[in-house]
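Descriptive structure summary
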Amino acid sequence: MRIDIITAVPDLIKSPLNTSILHRAQEKGKVEINIHNLRDYAFNKHKQIDDKPFGGGPGMILKPEPFFECLDKLTGARKYDSIIVTTPKGKVFNQKIANRLSLLKNIIIIAGHYKEIDDRVREHFATDEISIGNYVLTGGELPALIIVDAVVRLIPGVLNDSEAALNDSFQDGERIDSPYYTRPSEYRGMKVPEVLLSGNDKEIKKWKEEQSKNLTKKWRDYNK
Ligand code: ADE
């Protein structure tokens with residue numbers, strides 16, 4: 001899979017992409033992630049990428065030209081299956097969307113910053129508009145990272161067996177996974193549930209299913 005991220009603040013996303021599982025996925029050749037600095041596509045000598053909004057109002061708007069230049073170059077070089085704009089106005093991201101995106105070959109994520117992106121960019125290029133939740137951040141960079149993280153870990157071969165995504169919460173519709181414990185079996189007087197130490201696979205499976213059912217109900221109540 002190839003992911004291109006267009007951003008005005010590449011520093012905000014570089015480090016997480018080069019750490020831990022996302023870094024390993026790139027090293028293994030499972031995903032190629034390219035970051036494009038919007039400023040490299042700025043027209044004038046001051047490298048201006050933002051300007052005041054027409055019609056007035058507070059905040060700065062990211063200018064269209066650098067986006068169009070960058071996107072023309074990318075889309076001219078290969079076909080993209082999805083061009084995503086991260087915006088609080090979009091469809092709220094979930095595991096189903098992550099699964100769909102993980103099956104694609106080439107995607108672009110356009111991360112806004114400041115108040116907004118000139119809307120012509122969205123209108124001309126976006127195939128998906130994704131929000132990570134009903135709150136407003138300073139920019140689309142953290143949402144872009146969240147999308148990349150959730151998608152890349154689903155690509156076959158990215159996680160090893162011990163990290164497998166199969167039992168994840170939400171991987172099977174709205175189902176929350178059971179709690180987990182590791183050694184020591186007792187810590188500060190707190191004991192791991194007896195059944196997990198019993199070696200009885202059938203009872204363990206039953207316990208996990210019960211826990212999962214209770215946690216799913218609790219989660220539904222939280223999110224009513
Ligand atoms: N940009 C600012 N806030 C956002 C959000 N909640 N989701 C996606 N992009 C954003």
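Here, the structure is the one placed above.
Thoughts on the overall build of the protein
Helix and strand counts for the protein come out as eight helices and 10 strands. In terms of overall dimensions, the protein is more spread out than a globule: its C-alpha atoms have a radius of gyration of 22 Å, far above the 17 Å expected for 224 residues. Principal-axis analysis of the C-alpha atoms gives the protein an extent of 70 × 40 × 30 Å. A total of 224 residues make up the protein; the buried ones form 39% of that total. Here the analysis covers contacts within the protein between residues at least 6 apart in sequence; of these, 74% occur between residues at least 24 apart.

Looking at the nonpolar core
It is characteristic of soluble globular proteins that their nonpolar side chains tend to be buried jointly. By size, the foremost hydrophobic cluster in this structure holds 28 residues, and its most contacted members are I3, I5, L17, F93, L101, V148 and V152. Those elements that place two or more of their residues in this core are β1 (2–7), α1 (11–17), α2 (20–27), α4 (95–102), β6 (106–111) and α6 (141–152). If near-sequence neighbours (up to four positions away) are discounted, F93 is found in contact with A98, L101, I130, S131, I132, I146, I147 and A150. L62, C70, V85 and I117 belong to the second largest nonpolar core, which has 19 residues in total.

A short note on the layout of surface pockets
Within this model, the largest pocket holds a volume of roughly 370 Å³. What lines the largest pocket is a set of 26 residues, and nearest its centre among them are T86, T87, P88, K115 and E116. The set of elements that each furnish at least two residues to the lining of the largest pocket consists of β5 (82–92), β7 (116–117), α5 (119–125) and β8 (128–131). Element by element, the count of residues in the lining of the largest pocket is highest for β5, at five residues.

Brief notes about the site of the ligand
Close to the ligand lie T86, T87, P88, I130, S131, I132, G133, Y135, V136, L137, G139 and P143. Within the backbone of T87, a nitrogen or oxygen atom sits 3.2 Å from a nitrogen atom of the ligand. In this structure, a nitrogen atom belonging to the ligand sits 3.0 Å away from a main-chain N or O atom of I132. Isolated, the ligand exposes 260 Å² of accessible area, and the fraction of that covered by the protein chains is 96%. If you map the ligand onto the pockets, it falls in the largest pocket. Where the shell around the ligand is concerned, the elements lending two or more residues are β5 and β8. With three residues, β5 is the largest single contributor of residues to the shell around the ligand. For the shell around the ligand, the class distribution of residues is seven nonpolar, five polar and no charged.

Digging into the environment of F68
Along the polypeptide, F68 turns up in helix α3 (residues 64–77). Residues F68 and D4 lie 64 residues apart in sequence; the distance between their C-alpha atoms is 14 Å. Leaving out residues up to four positions away in the same chain, F68 has contacts with R120, V121, H124 and F125.

So, the pattern of salt bridges
This model, assessed by the stated rule, comprises 15 salt bridges. The partner of D11 in a salt bridge is K14, with the nearest N and O atoms 3.9 Å apart. With D11 and K14 both in helix α1 and three residues apart, the pair spans about one turn of that helix. On the basis of relative accessibility, which here comes to 65%, the residue D11 falls in the exposed class. Residue K14 is classed as partly exposed on the basis of its relative accessible area, which comes to 39%.

Here we look at the side chain of D4
Tracing the backbone through its elements, the reader meets D4 in strand β1. A polar contact is formed between the side chain of D4 and the side chain of R2, at a distance of 2.8 Å. Within the local environment of D4, its side chain forms a polar contact with the side chain of Y80, the two groups lying 2.7 Å apart. Setting aside its immediate chain neighbours within four residues, D4 contacts N34, H36, L74, Y80, I107, I108 and I109.

Structural notes on the sheet that holds strand β3 (residues 50–51)
An order of β3-β4-β7 is seen for the three strands of this open sheet, with the pairing classed as mixed. Strand pairing shows two members of the sheet lacking a second neighbour, β3 and β7, which therefore form its edges. Of the pairings in the sheet, the one linking strand β4 (residues 61–62) to β7 comprises two bridges and is parallel in character. If you follow I61 over to β7, its bridge partner there is E116.

Conventions adopted
- Residues numbered from 1 in each chain as written.
- Predicted model: local features only at pLDDT ≥ 70, side-chain atom pairs only at ≥ 80, totals over all residues.
- Heavy atoms only, no water.
- Helix = DSSP H or I, 4+ residues; strand = E, 2+ residues; numbered from the N terminus.
- Rg over C-alpha atoms; globule rule 2.2 N^0.38 Å.
- Buried < 20%, exposed > 50% of the residue type's maximum accessible area, 1.4 Å probe, protein only.
- Contact = heavy atoms within 4.5 Å.
- Core = buried A, V, L, I, M, F, W, Y, C linked by side-chain atoms within 4.5 Å.
- 1 Å grid on protein atoms, 1.4 Å probe; cavity = no way out; pocket = protein on both sides within 12 Å on 5 of 7 lines; lining within 4 Å.
- Points joined across faces, edges and corners; volume = space filled by probe spheres on them.
- Near = heavy atom within 4 Å.
- Polar contact = N/O pair within 3.5 Å; in protein donor to acceptor, adjacent residues only side chain to side chain.
- Areas by Shrake-Rupley, 256 points an atom, 1.4 Å probe, with all protein chains shown as cover.
- Sits in = over half its atoms within 2 Å of the grid points.
- Nonpolar A, V, L, I, M, F, W, Y, C, P; charged D, E, K, R; others polar.
- Salt bridge = Lys/Arg side-chain N within 4 Å of Asp/Glu carboxyl O.
- Pairing = 2+ DSSP bridges.

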